[in-house]
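Structural overview for review
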Amino acid sequence: MSMRSAFGKLPHFIQRLKPKKDTEFTCSATNNTFMVAFDDYGDPERKLYDKLEPVRRPLFPSDVLVKMLMAPVNVSDLEMITGTYFVRPQLPAVAGNEGVGQVMEIGTEVERFRPGDWVIPADLGWGTWRTVAVTEEKNLIRVPNDIPVLGAATVAVNPCTAYRMLKTFIDLRPGDAIIQNGANSSVGQAVIQLAKEWGYHTINIVRNRDDIESLVMYLRDIGAHHVVTDQFLKSGDMRYFINSLPKRPRLALDCIGGKISNELPQYLADDAVMVTYGHMAHQIECSGDCGTMISPVYKQVHVQGYWDSTWEHGHAPCMKKMVAEICSMMKKGKFRPPPCDIYTLDMYPLAVKLAKEPFRRRKVVLRLAGDLTL
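The paragraphs below set out a description of the structure included in this document. (Residues numbered from 1 in each chain as written. Predicted model: local features only at pLDDT ≥ 70, side-chain atom pairs only at ≥ 80, totals over all residues. Heavy atoms only, no water.)

A few words on the overall build of the protein. The helix and strand inventory of the protein stands at twelve helices and 17 strands. Burial status across the protein gives 55% buried among its 374 residues. Residue pairs in contact within the protein that sit at least 24 positions apart in sequence constitute 72% of those at least 6 positions apart. Just so you have it, the protein exposes about 17000 Å², and 52% of that area is on carbon and sulfur atoms. (Helix = DSSP H or I, 4+ residues; strand = E, 2+ residues; numbered from the N terminus. Buried < 20%, exposed > 50% of the residue type's maximum accessible area, 1.4 Å probe, protein only. Contact = heavy atoms within 4.5 Å. Areas by Shrake-Rupley, 256 points an atom, 1.4 Å probe, with all protein chains shown as cover.)

Take the nonpolar core next. Grouped together as the largest cluster of nonpolar side chains are 50 residues, with contacts concentrated most on V100, L166, L251 and L253. Examining the composition of this core, we find that seven residues originate from one element, helix α11 (residues 316–331), more than from any other. Discounting residues that sit within four places of it in the chain, V100 has contacts with M68, L69, M70, W118, V119, I120, V143, V149, A152 and A153. Within the second largest apolar cluster, 32 residues are counted, among which are V64, V66, I81 and V352. (Core = buried A, V, L, I, M, F, W, Y, C linked by side-chain atoms within 4.5 Å.)

A few words now on the sheet that holds strand β2 (residues 49–54). For sheets, the rule is that strands pair by backbone hydrogen bonds, running either parallel or antiparallel. A sheet is described by the order of its strands in space; here three strands give the open sequence β2-β1-β4, paired in antiparallel fashion. In this open sheet, the two edge strands, each paired with only one partner strand, are β2 and β4 (93–94). Pairing between strand β1 (residues 32–38) and β2: six bridges, direction antiparallel. In the sheet register, N32 faces β2, and the bridge partner there is P54. (Pairing = 2+ DSSP bridges.)

With that settled, the discussion passes to the side chain of N181. Within the secondary structure, N181 sits in the loop between β9 (177–180) and α6 (186–198). At a separation of 2.9 Å, a polar atom in the side chain of N181 contacts the side chain of D254. (Polar contact = N/O pair within 3.5 Å; in protein donor to acceptor, adjacent residues only side chain to side chain.)

Within the secondary structure, V132 sits in strand β7 (residues 132–136). Overall, V132 belongs to the buried group, its relative accessible area being 3%. In this structure, the C-alpha to C-alpha distance between V132 and V55, residues 77 residues apart in sequence, is 7.5 Å.

A few words on the packing of helix α5 (residues 158–168) against α6. Axis separation between α5 and α6 bottoms out at 8 Å; the angle between their running directions is 50 degrees. By the criterion of interaxial angle, the relationship of α5 to α6 is oblique. Our pair here, α5 against α6, has a crossing hand that is right-handed. Only S186, V187, A190, V191, L194, A195 and W198 of α6 make contact with α5, whose side of the interface consists of N158, P159, T161, A162, Y163, M165, L166 and K167. In terms of residue class, the contact of α5 with α6 is made up of eleven nonpolar, three polar and one charged. (Axes fitted to C-alpha atoms, helices over the stretch in contact; angles between N-to-C directions. Parallel < 35°, antiparallel > 145°, perpendicular 65-115°, else oblique. Left-handed = near helix turned anticlockwise from the far one by under 90°. Nonpolar A, V, L, I, M, F, W, Y, C, P; charged D, E, K, R; others polar.)

Given below as structure tokens:
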């Protein structure tokens, strides 16, 4: 049973966990761990299986025992299981790259964490789809335990991708414009909220659909300045709309790939940058030189590719800074986690199947702790 059906309609953006006092922690729920693992690469619906194992004790001096709370089912998780991702963990492996847990016990030499702290993995391939984990202190990053649990569980991948793309490729200033496709994706929603905080204007392209009006209202509510459909993008009206703006966009973010990507450069300012970070259309097409292209309106556009996992490797201090800044925005109510559908860990086959659906509007998240209080 999903948590939504068990608890009724949930207010996804105001969920909190009340931190417990150190004296309230017990080990009764941490003697065993239920995990979702894979022994071979391939289709996640065929390769994943679950098992119950005892938790290793006693802890080594640098160990931290973590009770996992929530973990999303990201595209990167599924690609890692298929073996097509940048990181290929040593098999057998526990699935899941992202999630949040609560420190339950610490080794005698642990200095940075205390029972009750919330933590997220410091690197990929850690294995978040389990109820309990024992790991070294160096493998974890602390996050505040007074922000939405969904926000903590989903902060490391998509929001950090948005953060780096807005900061890395071009020096944007308040008032500059950005155009992005796939704006209703988790990364797209993060781009909208970070851009609003930093004073950038966003032009957001979404696929036309039956509930387009409610989607437009939602994106505007989180900070989108303009929302247009892919059909409008291909029409002559798009050129008039862009020309009516005070500034042409200096940055384009492309998560779709394929033919729709080739529509973006003509609407950019001269010497702008287009960053491709996904291929939801499952097409790799690029007209012209994919390093620098001349758009149909004779504007030079620099084209870049971005993979968050590659960037994060070797950038741990910057990773901590990004996470801290985004968590601070969450605490102030300036950054919302994406709308989610939540399922208990034993329902992982259904969660994986739903997460594979293209153009899905809601993020799929696994609830890992049975006593999670919302």
